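Here's the letter readout for the chains.
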Amino acid sequence: MNSKYKKRLGLIFLMFTSIAGMISLVLYALKENIDFFYTPTELIYGKGHSLAKPKIGQRLRVGGTVLNGSVNRDSNSLQVSFRLHDMNSSIVVLYDGILPDLFREGQGIVAQGFLLDSSTFKASQVLAKHDEEYMPFGEAESMKKTHKPIQHSDKQVSMK
């Protein structure tokens, strides 16, 4: 092999290793900013075929319906706690801040934050759904797997 081909081969090798290095750095940086979606049942019993549970302190999103009669507000601060359920299980959500105008009992919400323990979630952001028939894709898919109807106020929507 002459020196011309060795230089080309070396240049191609250098380009591929540089690209692989950049891709790995981007993936490593994004790893910290990925929020996985869970329902209360998936938090407690695990998600998917492997029944993988999130780690304590892991950032994630949780979606479900605010349980009627579960909202407790601290009169001296903006701290709120409520139970979030998905027909099978419920978890406690703690939030310190101003809740959205559409937030109320029986309403569907998505909370972003981190897991304190297996059934307690500390929310940094609470998003209320604007329509009672709207459901995030992840929540709708997980409820389809349980094959149970979802009760919304007067209407019953089957997810089969």
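The preceding data block contains the structure.
The following refers to the structure shown. All values derive from a computational prediction rather than experimental measurement. (Residues numbered from 1 in each chain as written. Predicted model: local features only at pLDDT ≥ 70, side-chain atom pairs only at ≥ 80, totals over all residues. Heavy atoms only, no water.)

### Re the side chain of Q112
- With respect to the helices, strands and loops of the structure, Q112 is situated in strand β6 (residues 108-117).
- Taking relative accessible area as the criterion, Q112 reaches 16% and is therefore assigned buried. (Helix = DSSP H or I, 4+ residues; strand = E, 2+ residues; numbered from the N terminus. Buried < 20%, exposed > 50% of the residue type's maximum accessible area, 1.4 Å probe, protein only.)

### Brief notes about the pairing of strand β5 (residues 90-96)
- Residue alternation in β5 divides its side chains into a buried set, I91, V93 and Y95, and an unburied set, S90, V92, L94 and D96.
- With seven bridges connecting them, strand β4 (residues 79-85) and β5 associate as antiparallel partners. In the strand pairing of β5, S81 is matched with L94.
- Joining the antiparallel neighbours β4 and β5 is a turn of four residues, in which M87 adopts a positive phi near 80°.
- Strand direction decides the pairing type here: β5 and strand β7 (residues 120-128), joined by four bridges, are parallel. Following the sheet pairing, L94 is matched in β7 by K122. (Pairing = 2+ DSSP bridges.)

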